[in-house]
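# Topology and contacts: notes
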Amino acid sequence: MVDRIKNATPHMTRNEDLIFERSTPGKTGAELPPLDVPARPPERTLGDFYRSDIEGFPEISELDVMRHFTRLSTWNYSIDAGVYPLGSCTMKYNPRLNETVARFAGLGTDHPYTPEHLSQGCLKVLADTQRALLEITGMDAISLQPAAGAQGELTGLLLIRACLRERGDARRYILVPDSAHGTNPASVTISGYEALPLKSDSRGCVDLAELERLMTGEVAGLMLTNPNTLGIFEQDIERVCDIVHAKGGLVYMDGANMNALVGVARPGRFGVDVMHLNLHKTFSTPHGGGGPGSGPVAVKRLLEPYLPTPTVEEQPDGSVRLNYDRPRSVGRVRAFYGNFGMAVRALAYILAYGPAGLRQATEDAVLNANYVKERIRDCYDLPYDAPSMHECVFSDRRQETRGVRTGDIAKRLIDYGFHPYTTSFPLIVHGALMIEPTESAGKPELDALIDALRSIAQEAEEDPALVQKAPHTTRVSRLDEVGAARKPILRWKPASG
Amino acid sequence: MRYLPNSDSDRAAMIEAIGKKSVDELFDQIPADLRLRDRLNLPGPLSEPELLEFFEQASRESARDYVSLLGAGAYAHYRPVVIDALILRGEFLTSYTPYQAEISQGNLQAMFEFQTLIAQLTGMDVANSSLYDGSTATNEAVLMAMRLTHRDRVVVARTVHPEYRQVIATYVQHQGVEVVETPYAPSGQIDLAALEAAVDDQTATVVVQSPNFFGALENWAAVAEAVHKCGALLVSVITEPLSLALVRPPIEADIICGEAQSFGVPVAFGGPYVGFLATRERFIRQMPGRLVGETKDSQGRRGYCLTLATREQHIRREKATSNICTSQSLMALNATIYMCLLGKSGIRALAEQNLAKACYAADELGKVPGAAIPFRAPHFNEFVVKAPGDCGELLAALREEKIIGGLPLERFYPELKDHILVCVTEMVSRRALDRTIEVWHRFSRPVTEKVADAAAVG
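Residue numbers restart at each chain and count upward from 1, following the sequence in its written direction. Written order decides the labels, with chains lettered from A and ligands numbered from 1. In keeping with the model being predicted, local features are shown solely for residues with a pLDDT of at least 70 and side-chain atom pairs are shown and tallied solely at 80 or more, while totals for entire chains, interfaces and linings include all residues. The side-chain values count all of the structure's non-hydrogen atoms but skip hydrogen atoms and water molecules.

## Some details on the sheet that holds strand S11 (residues 382-386) of chain B
Residue and element names in this part refer to chain B. One open sheet accounts for three strands, arranged S11-S14-S13; its pairing is antiparallel. Each having just a single partner strand, S11 and strand S13 (407-408) make up the two edges of the open sheet. Any two strands are treated as partners once DSSP identifies two or more bridges connecting them. We count a stretch as a helix when DSSP gives it H or I for four or more residues in a row; a strand needs E for two or more, and each element gets its number in order from the N terminus. Across two bridges, S13 lies against strand S14 (residues 419-423) in antiparallel orientation. In the strand pairing of S14, Leu407 is matched with Leu421.

Right, here's the structure in full:
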């Protein structure tokens, strides 16, 4: 089988202990300039508060630190190294220029409490980012404060709550489709609502009859991802919004899949009242191994009064100010103004592409997903055969008959030199393979990915154990996750202790 | 477009392969009246030099030429160049959350090291692998304490960062939770008598920060006694964790949370930062956020994986301990590298410099006629000083000298008119401090003369 693997070959990887196991007393990796004020013996200055030692803290030279983390880095897969077809995660190229400009003096160094007239550069970046995101979404007002998508969801729900409460009744439930990301129901709970599951219809979309039935005066609104997690555009979106609005509810759109819409369609036109964006998905800010993210929340005029405090507002003279005087606001969801650095990077991304480029990126993302889908559909079961937007979702039903599950196929993909797709999500698909190539995969790489997926389907028929025990080429094989959870070891401790 | 890898001929071949006539057909599924007819009204495309110039313009309109004495939850410390050399490696920068452990061991081991470093620093048993920031970490600690105690009353010291308190208020407002704020004593520390009166058997948690928002160090033993007496949990908030290199950690606490931005993460106008949360072993199943655990692979080799995921939203959905999905891995890596570089001796030496400089500044500013140091509790690198006159005018005079002289506290504490929160890290030179002190003296002269004149007239 190995001759089918063309995209990857085994590679030297160095072993590397924990940093604590590299420590030797007396070493340091940082030296300070001499102190230029009189020294203060800390024991005397701090008295009872004094601490004499940080037990176990490492002692390492700069070179040791450099080698340690460089070696660790080589154990990671990354976008820079190859295609990352993780459905719903939108792993697109992270332009390096964005890292450079985010580190410019002022943008990387201004303190959040700098007087406003001295931090106009930072404030204008926030205002420009807001204006661009509003143009892209077609919404009326926005807050960049939420730190990530899930916090954006929560913020959006709090806005709905505040609005309905002013109308007299905040209501009790939020409808959440069974295809939704897990953060949706979790955010509903934190916002003080109860999640009411909404079944999808046979197309994988919102079941209008079911929505009519469940949408009562007790329901505050609906959380809807569009395109949904199957990568299908909810064609009835206007009707969906009408049904919810007719019963006095509001519609929240999860913008996680906005990469399928930028420059093509604007949620503001769909009838949704509030949505969030993931700057770390659609707008290319780096995932960095799991964050930072950024989850701006955009709203229609109706919800503007409730946006988190402060809002960033452009003045007629061109200056930008922070407005803290917002008595109807839901309050603050994060200290300062959110992940400012992510706004810098997102703005750089938008400006680099321009309007035609953004549309081209969307077209490429959708074309890539459809291309992969068409080229592997004879090998994998496609439970919802509707036109796809930016991602496609297969099922492992056929391979399961040979004992091979989606997680196994995903692990085997690693041997072929690719990061796995998203496994087992959305939950409405049995053994889901959720594939989102994004626009950052060229045809030759897509062809290699397609070849790999086809080859694995064949392996599942011919030699299921090969797939079940994958990966075979990584520095560690499958890890004992059950053992890790049963008796958690969450930190290093010295051998003697 | 330079970021897109497909050529027009690639696109044409792909469109043909899927049996379509044009890429537009792929968008037919969107109802026609919902499709955008015009181009987005946005500037660009901009080339690389144009983008550099665009952001250089923003950089010019910043406080980049100013010396800053601002702290208040965001601390400017020197960032060794090694940090960016490492965190800009694509393998760290452009990787995803390490759900696929076999090809994420680098991130996982680094996160395990972060958890260990935070546990060592705080004196707790375990720490998670990061949360959004200090304010949300504090809120998560409150929610965790409520889950653990099944109580719904929260007591928060008024000396906890005001914006952290606002975040807590936002999160708990719809949970039927009562939030009570307790005052500070003349020392600048929490008023213990008021605290004892505020805590009752319905209190889930008491939230106390140290160094607190005024820079004052709290007496943890006394605070913990008052809290634990009623069966409540103590949440200790740390916004300047460098202090823990010299200051005894709040080992009496049940949860220690806060902000690790201080560890070499750029100040960057408020974010991205990195929250942390540490606690005792027995509470781990109620912890929010990702956790990395040590385990073995099928051949017995040591490895790391995300663990205890049954707490999290992607498994538990509406019953999860928290709705958080994204963490702050890259910033946690930044902080990890920073802590490793400084190490046991370096971090102490740095903390000693911060302490010495802040003491020097506090002593000298306290000597300015008409100025006063109102709070006498020991501090680390931050303290409050009362201006000899209108603090707005004083700060304006300092700005004339390219100095941002600190945070006027009246904004958050109306009773502290003309009080300024001053932070002095190793980044502020003696020369800049002496210039600051000189401006204070110059500013004080006419004020004290005026007072003297008034006295003479009277």
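## Side note on the pairing of strand S8 (residues 275-279) of chain B
Residues and elements named next belong to chain B. When you tally the buried positions in S8, you get five out of five residues, the bulk of the element. Think of it in three bands: with a 1.4 Å probe and only protein chains considered, a residue is buried below 20% of the maximum accessible area for its type, exposed above 50%, and partly exposed in between. In S8, alternate side chains face the same way, and those of Gly275, Leu277 and Thr279 on one face and Phe276 and Ala278 on the other are all buried. Where strand S2 (residues 126-127) meets S8, two bridges bridge the pair, whose relative direction is antiparallel. Looking across to S8, one finds that Ala127 is bridged to Ala278. The sheet contact formed by strand S7 (residues 255-259) and S8 spans five bridges and is antiparallel. Residue pairing for S8: Cys257 is matched across the bridge by Leu277.

## Observations regarding helix H11 (residues 329-367) of chain B
Residues and elements named next belong to chain B. Helix span is expected to be 1.5 Å times the residue number reduced by one. Taking 1.5 Å per residue as the helical rise, H11 with its 39 residues ought to reach 57 Å, whereas the 45 Å between its terminal C-alpha atoms falls clearly short. Of all the bends in H11, the greatest measures close to 95° and is centred on Gly343. The buried fraction of H11 amounts to 32 of the 39 residues, a majority that puts the element mostly inside the structure. Given a residue, its bend is the angle between the two axes fitted to the seven residues that end at it and to the seven that start from it.

## A few points about the sheet that holds strand S1 (residues 141-143) of chain A
Residue and element names in this part refer to chain A. Strand order in the open sheet formed by seven strands is S1-S7-S6-S5-S4-S2-S3, with mixed pairing between adjacent strands. The outermost strands of the open sheet, each flanked by one partner alone, are S1 and strand S3 (194-198). For this sheet, the mean angle separating the axes of adjacent strands, direction not counted, is 25°. Pairing of strand S2 (residues 173-177) with S3 involves five bridges; the strand directions are parallel. Within S3, the position partnered with Tyr173 by the bridge is Glu194. Axis definition: a line fit to C-alpha positions, over the contact stretch in the case of helices; interaxial angles, taken between N-to-C directions, run 0 to 180 degrees.

## Topic: the packing of helix H5 (residues 149-167) of chain A against helix H6 (residues 183-190) of chain A
Residues and elements named next belong to chain A. Relative to each other, H5 and H6 sit at 45°, their axes nearing to 9 Å. Here H5 lies oblique to H6, going by the angle between them. The chirality of how H5 crosses H6 is right-handed. Taking contact as the criterion, the partners of Ala150, Glu153, Leu154 and Leu157 in H5 are, on H6, Thr183, Asn184, Ser187, Val188 and Ile190. In the scheme used here, Gly and all other residues not listed as nonpolar or charged are polar, with Ala, Val, Leu, Ile, Met, Phe, Trp, Tyr, Cys and Pro taken as nonpolar and Asp, Glu, Lys and Arg as charged. Residue composition of the contact of H5 with H6, grouped by class: five nonpolar, three polar and one charged. Should an angle lie under 35 degrees it is considered roughly parallel, over 145 roughly antiparallel, and from 65 to 115 roughly perpendicular; all remaining angles are considered oblique. Less than a right angle of anticlockwise turn of the near helix away from the far helix marks a crossing as left-handed, whereas a clockwise turn marks it as right-handed. By definition in these notes, contact holds between two residues if any of their heavy atoms fall within 4.5 Å.

## So, the domain arrangement of chain A
Residue and element names in this part refer to chain A. For the purposes of this description, domain bounds are those given by an automatic or database domain assignment. Assigned domains of chain A: these are domain 1 (2-73), domain 2 (99-350) and domain 3 (360-483). Distance between the C-alpha centres of domain 2 and domain 3: 30 Å. Joining two parts hides part of their accessible area as seen by a 1.4 Å probe, and the buried area is that hidden amount summed over both. Roughly 1,500 Å² of surface becomes buried between domain 2 and domain 3 when both sides are summed, with 63% attributable to carbon and sulfur atoms. Within 3.5 Å is the distance limit for a polar contact, defined as a pair of N or O atoms, with the added protein rule that one can donate a hydrogen and the other accept it, and that residues adjacent in sequence qualify only through two side-chain atoms. Viewed at the interface, domain 3 and domain 2 are joined by four residue pairs in polar contact (both at pLDDT 80 or more). Split into classes, the residues belonging to the side of domain 2 that touches domain 3 amount to ten nonpolar, ten polar and three charged.

## A look at empty space enclosed by the protein
A 1.4 Å probe that fits but cannot get out identifies a cavity on a 1 Å grid over protein atoms alone, an open set with protein on both sides within 12 Å along at least five of seven lines counts as a pocket, and a residue lines either if it has an atom within 4 Å of a point. Grid points are joined across faces, edges and corners, and a volume is the space filled by probe spheres set on the points. Tallied over the entire structure, the rule returns eight cavities of 30 Å³ or more. Put simply, the largest cavity is a space of about 160 Å³. Around the largest cavity sit 17 residues that line it, and Arg103(A), Arg345(A), Pro266(B), Pro272(B) and Met331(B) are the ones nearest its centre. Sorting the residues of the lining of the largest cavity by element identifies helix H3 (96-102) and helix H10 (340-376) of chain A together with helix H3 (81-87) and H11 of chain B as the ones contributing at least two each.

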